[in-house]
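Spelled out from the first residue to the last, the chains are:
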Amino acid sequence: MSGTPDAPRDGALTVGVVTAFPPGRNSLNEFGYHLVRHLAPLDDVAEVVAYVDETDAGAPEPMPGVRFVPAWRFNALTNVLRLLLALRRSRPDAVIWNLQFATFGDKRIPGALGLFLPALARLVGVRSLVVLHNLADNVDMQEAGFASSALQARIMRLAGRILTRVLLRADLVAVTIPRYVEFLREEYGARNVLLAPHGSFEEVQEPDFSPRPAPRQVMAFGKWGTYKRVEVLVDAYRLLQERGYDDIALVLAGTDSPNAAGYMDGIAAANADLPGLSFTGYVAEEDVPRVFGDATVVAFPYTSTTGSSGVLHQAGEYGRAVALPRVGDLVDIIEEEGFTGEYFEPTDPASLADALARILDDPEHAEQIGRRNFVAATGIPMAEVVQWHLLHLRRILPGTR
């Protein structure tokens, strides 16, 4: 595996993508799916080799131009060895790593070891572009469920800074938020950091912005139980019912976070008496348009943030109004990306109920929010973003510029 990769065939590249992938449910699986799906048809791509997570949900559905290699498992200590061996066997020209800080595990050792992989791959001659979706410096470790005390949070923050420096040993690191580029350059002295648009997952037609039929749905979508917690939203929904909103329903879409098993079952048991409350469980890719399309407003009951929100981009693609928490610099990040919504204090049910009411009471206002979010989410489709990634991969491959 040592040395530089073989020359591309007829100028077309074999592109590796290390990512979580459906039907697995690990974080960033949807982004990975659309990244691979849009890369494979490009004329400049001979083949995509997707090094996907091995899960109990089974193998990915076949996709033209894509070879799937199950090469790692969430929280496995063997991931470094398995992935490096997989890269050696398939010898891609370059690899895109679809990462956040808990991609390879929520246990500290396997999670941290996995983040060494782009640097290790570079050492053995595999060129790498990391698409990094969050920064450890901007994550509240206690709120996000990675630390149980202030001391542990400080230790995790230091470890996060070390791992950030390790990730910056990749050939290129792409982040989706402008201030992240500035931060990494100023704080870490990084010169290999670039801004990459998140990209809209689908090239969607303009959605129907008209008011949804009754019952009007308040919907939340995510992996729940750590910094994404639905208690405040359930309490806000109860308040709205007490205020006379009898034509609304609350839909909680998604599943437990990997390190919060049983959380949603607990919510369901504790609120069995609540009329209009429903749970979708895991939402398959083909059901995503319906879940968002049926919603009047999408709520984000987060107590912390780990970076740009894929769910917010999806809400925008389907033209939905949103209720967003005032958490850290999340509001600035949201508005830098062009999104807007009604804001609330993250742990205050009354504040969230007021934000939801401002949308529910004013269909014209809800439509204005939905239209702005649609423009923000669909300005640059993923089909164009992958061409951007391919252009930068060629920059780091000798003789292919």
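Just above, that's the structure.
Calculation rules
Residues numbered from 1 in each chain as written. Predicted model: local features only at pLDDT ≥ 70, side-chain atom pairs only at ≥ 80, totals over all residues. Heavy atoms only, no water. Helix = DSSP H or I, 4+ residues; strand = E, 2+ residues; numbered from the N terminus. Core = buried A, V, L, I, M, F, W, Y, C linked by side-chain atoms within 4.5 Å. Buried < 20%, exposed > 50% of the residue type's maximum accessible area, 1.4 Å probe, protein only. Contact = heavy atoms within 4.5 Å. Axes fitted to C-alpha atoms, helices over the stretch in contact; angles between N-to-C directions. Parallel < 35°, antiparallel > 145°, perpendicular 65-115°, else oblique. Nonpolar A, V, L, I, M, F, W, Y, C, P; charged D, E, K, R; others polar. Left-handed = near helix turned anticlockwise from the far one by under 90°. Polar contact = N/O pair within 3.5 Å; in protein donor to acceptor, adjacent residues only side chain to side chain. Salt bridge = Lys/Arg side-chain N within 4 Å of Asp/Glu carboxyl O. Phe/Tyr/Trp six-rings, centres within 6.5 Å; stacked < 30°, edge-to-face > 60°. Expected span 1.5 Å × (residues − 1). Pairing = 2+ DSSP bridges.

Caption draft 1: A look at the environment of Val131. Mapping Val131 onto the fold places it in strand 5 (residues 127-132). When the C-alpha atoms of Val131 and Thr378 are compared, they prove to be 19 Å apart, with 247 residues separating the residues in sequence.

Caption draft 2: Looking closely at the nonpolar core. Counting residues in hydrophobic clusters, the biggest one holds 59 residues, and the most contacted among them are Met219, Leu233, Leu252, Phe292 and Leu356. When residues of this core are assigned to their parent elements, the largest contribution, seven residues, is made by helix 12 (residues 349-360). Residues contacting Leu252, with those up to four places away along its chain left out, are Ala220, Val230, Leu233, Val234, Met264, Ile267, Leu277, Ser278, Phe279 and Thr280. If you look at the next biggest cluster of nonpolar residues, it comprises 39 residues, including Ala71, Leu84, Leu117 and Val181.

Caption draft 3: Region of the structure containing the packing of helix 1 (residues 29-39) against helix 14 (residues 382-396). Where helix 1 contacts helix 14, the two axes come as close as 9 Å, and the packing angle between them is 75 degrees. With respect to helix 14, the element helix 1 is oriented roughly perpendicular. Mapping the contact onto sequence places Phe31, His34, Leu35, His38 and Leu39 in helix 1 and Met382, Ala383, Val386 and His389 in helix 14. Classifying every residue of the contact of helix 1 with helix 14 by side-chain character gives six nonpolar, three polar and no charged.

Caption draft 4: Broad picture of the packing of helix 7 (residues 231-242) against helix 12. Interaxial distance between helix 7 and helix 12 falls to 8 Å at its minimum, and their mutual angle equals 60 degrees. One element, helix 7, and the other, helix 12, form an angle in the oblique class. Handedness of the crossing formed by helix 7 with helix 12: right-handed. On the side of helix 7, the interface is formed by Val232, Leu233, Asp235, Ala236, Leu239 and Leu240, while helix 12 contributes Pro349, Ala350, Leu352, Ala353, Leu356, Ala357 and Leu360. When grouped by side-chain class, the residues that make up the contact of helix 7 with helix 12 number 12 nonpolar, no polar and one charged.

Caption draft 5: The arrangement of the environment of Glu187 in detail. Among the structural elements, Glu187 can be located in helix 6 (residues 178-188). Polar side-chain contacts of Glu187 include one of 3.1 Å to the side chain of Arg161.

Caption draft 6: Representation of the pattern of salt bridges within the structure. According to the stated counting rule, one finds 16 salt bridges in the structure shown. Close ionic contact of Glu54 with Arg82 constitutes a salt bridge, the shortest N to O distance being 3.4 Å. Highlighted residues: Glu54 in the loop between strand 2 (45-53) and strand 3 (66-72) and Arg82 in helix 2 (residues 79-90), separated in sequence by 28 residues. Judged by relative accessible area, which is 31%, Glu54 ranks as partly exposed. A residue is classified by how much of its surface remains accessible, and Arg82, at 25% relative accessible area, is partly exposed. Note that Asp354 and Arg243 form a salt bridge whose closest N and O atoms lie 2.9 Å from each other.

Caption draft 7: Geometry of the packing of aromatic side chains. This structure, assessed with the given rule, holds nine aromatic pairs. A ring pair is formed by Phe292 and Tyr318, whose centres lie 5.7 Å apart and whose planes are at 20 degrees; its orientation type is stacked. Of the two residues, Phe292 is situated in helix 9 (residues 288-293) and Tyr318 in the loop between helix 10 (310-317) and strand 12 (321-325); the sequence distance between them amounts to 26 residues. Tyr318 shares its class with Phe292; the two are buried. Taken together, the aromatic side chains of Phe21, Tyr33 and Phe68 make up a single cluster linked through ring pairs.

Caption draft 8: Representation of helix 12 within the structure. Between the first and last C-alpha of helix 12 there are 16 Å, a value that for 12 residues agrees with the 16 Å anticipated at 1.5 Å per step. Among all positions of helix 12, only Ser351, Leu352, Ala353, Ala355, Leu356, Ala357, Ile359 and Leu360 are buried.

Caption draft 9: Quick look at the sheet that holds strand 5. Reading across from one edge, 3-2-1-4-5-6-7 is the order of the seven strands in this open sheet, with parallel pairing throughout. The strands lining the two open edges of the sheet, one partner per strand, are strand 3 and strand 7 (193-195). Here the strands of the sheet are splayed against their neighbours by 25 degrees on average, with no regard to which way each runs. Set on the sheet, helix 2 makes contact with strand 1 (13-19), strand 2, strand 3 and strand 4 (94-99); between it and strand 3 the angle comes to about 150 degrees.

Caption draft 10: Molecular detail of the sheet that holds strand 10 (residues 277-281). Strands sit in the order 10-9-8-11-12-13 across an open sheet of six strands; the sheet is parallel. Both outer strands of the open sheet, strand 10 and strand 13 (342-344), are each paired with one neighbouring strand and no more. Pairs of neighbouring strands in the sheet enclose a mean axial angle of 25 degrees, with direction left out of account. Relative to strand 12, strand 11 (residues 295-299) is paired through three bridges, and the arrangement is parallel. Bridging across to strand 12, Val298 finds its partner in Val322. In this fold helix 10 packs onto strand 8 (216-224), strand 11 and strand 12, with an angle of close to 160 degrees to the strand it touches most, strand 12.

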